[in-house]
Amino acid sequence: MKNQSITNNLDWICVIIYSVLVLLGWLNIYSSSLSSMEGTSEKQFIFIALTIPLIFVVLFVDGKFYEKYASIIFGVSLLSLIGLFAVGKTIAGQRCWYGFGSFTLQPSEFAKAATALALAKYLSDSQINLKDTNRQIQALAIVLLPVLLILPQPDPGSALIYSAFFLVLYREGLPSWYIWTGFSAILLFVLTLILQPQYVILLALLVIVFIHFKSRMADRNIVLSGILFALISGFVLSVNYVFTHVFKQHHRDRFNILLGKSVDMKGIGYNTNQSEIAIGSGGWFGKGFLEGTQTKGGFVPEQHTDYIFTTVGEEWGFFGSLVVIALFVTLFLRVIYLAERQKTKFSRVYGYCVAGILFIHFFVNIAMVVGIFPTIGVPLPFFSYGGSGLWGFTILLFIFLKMDANKVNEW
């Protein structure tokens, strides 16, 4: 009766959208790998088939298990990331996988769900108040620990996804200045790459002076304004050093191409250029399934993984792409809706983590493919080739669907 109630209370809207996205993903992998990557679609089909027993395991484990053992799951996840430095398999310069013969497993794909569980467990404590600085540090430590282990692999794409947790923390009471500081730092960094540092500092000074005199007399503090200006100036003056000496050459090249400072269509800019050509050639209605000339010709590198959306754009056109985007957006909104109606804080926070992780993956991948974000290894959920990614996203989503189905038993 208990298992029957789980299937009865399961949110089938999410399950159907998930199933449709996985199917559409496989069709696009089949198309993009047909001419040059034999066996890829067959392997992905096996990965998809294995998600079925995985889903059953996730759903039939007691819902309280995920909350009770969240800390242990998180600890095991951290150990799996640490283990990569000793016995990890290096592919394309990244030590991100465990090798088991011809099969590889990427622990960072599963660490997202583990981190979401740990953060939900921490924030569900009734004594936690994110207005408290100590609590802020502890919550941020949960998010940043896996990031510090993922960055040296190096895997900046996976590390970037953890920014999703800041949106969750903000929802749960983290002061807004954290978010504004992050956005301001990114904006200042980009502006300094485009303009001369002195112009950016002058612009910052004008903004600070304007805000200072627009604020109420009681809120004016010239010392704080001076400290803020000094911090901003120091940050701006450090950008060129960081860009030149900390960033690697391929990172610098990608930023320069994105900002229009250099164009290398045969080198580092080849992927983005071919991606834009493929999507643009699809027009309104696309060339038809298996009829994409860019796809069949293998002109877009990594098209079955990070650039899978180019196949959608070329073969299904603008309207087909719009349908895929609408499916993703509907899934995000549905998860947020379900999160809001949870009876426990643990389930609600975890639900927001799920929505945030999926959204950041979706947004960065699409922005990267259409050329408005630097090329970085971020797969499209349920679409991109790979067993670890598909299983990681599946576990992430269905743990939450299990919690949602179990809410009828919560008090």
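Structure first, text after, so check above.
What you see is a predicted model, and the numbers here were worked out from it, not measured in a lab.

## Describing the nonpolar core
If you look at the biggest cluster of nonpolar residues, it comprises 95 residues, and the most contacted ones within it are Leu-119, Leu-169, Phe-328, Tyr-350, Phe-382, Phe-383 and Phe-398. For this core, the leading source of residues is helix α17 (residues 345-369), giving 15 residues. In this structure, Phe-398 is in contact with Val-15, Tyr-18, Ile-55, Val-58 and Leu-59, ignoring residues within four places of it in sequence. Counting residues in hydrophobic clusters, the runner-up holds 7 residues, among them Leu-188, Ile-208, Ile-232 and Val-236.

## A word on the sheet that holds strand β2 (residues 94-100)
Overall, antiparallel pairing links the 3 strands, which are arranged β1-β2-β3 in an open sheet. Edge positions in the sheet fall to β1 (89-91) and β3 (103-105), since each has one partner strand and no second. Across the sheet, the mean angle separating the axes of adjacent strands is 55 degrees when strand polarity is ignored.

## Side note on a nonpolar patch on the surface
A cluster of nonpolar side chains, Leu-202, Leu-205, Leu-206, Val-209 and Phe-213, forms an exposed patch at the surface whose accessible area comes to about 460 Å². Within the element layout of this structure, Val-209 appears in helix α11 (residues 197-214). Its relative accessible area of 37% is what places Val-209 among the partly exposed residues.

## A word on the packing of helix α2 (residues 12-33) against helix α16 (residues 309-340)
As a packed pair, α2 and α16 sit with axes 10 Å apart at the nearest point and diverge in direction by 155 degrees. Judged by the inter-axis angle, α2 sits roughly antiparallel to α16. Seen from above, α2 lies across α16 with left-handed handedness. When α2 is examined against α16, the residues Ile-13, Cys-14, Ile-17, Val-20, Leu-21, Leu-24, Asn-28, Ser-31 and Ser-32 are found in contact with a partner set consisting of Thr-311, Val-312, Glu-315, Trp-316, Val-324, Leu-327, Phe-328, Thr-330, Leu-331, Arg-334, Val-335 and Leu-338.

Conventions used here
Residues numbered from 1 in each chain as written. Predicted model: local features only at pLDDT ≥ 70, side-chain atom pairs only at ≥ 80, totals over all residues. Heavy atoms only, no water. Core = buried A, V, L, I, M, F, W, Y, C linked by side-chain atoms within 4.5 Å. Buried < 20%, exposed > 50% of the residue type's maximum accessible area, 1.4 Å probe, protein only. Helix = DSSP H or I, 4+ residues; strand = E, 2+ residues; numbered from the N terminus. Contact = heavy atoms within 4.5 Å. Pairing = 2+ DSSP bridges. Axes fitted to C-alpha atoms, helices over the stretch in contact; angles between N-to-C directions. Patch = residues over 30% accessible without salt bridge, like charges linked within 9 Å, V, L, I, M, F, W, Y side chains within 5 Å. Areas by Shrake-Rupley, 256 points an atom, 1.4 Å probe, with all protein chains shown as cover. Salt bridge = Lys/Arg side-chain N within 4 Å of Asp/Glu carboxyl O. Parallel < 35°, antiparallel > 145°, perpendicular 65-115°, else oblique. Left-handed = near helix turned anticlockwise from the far one by under 90°.

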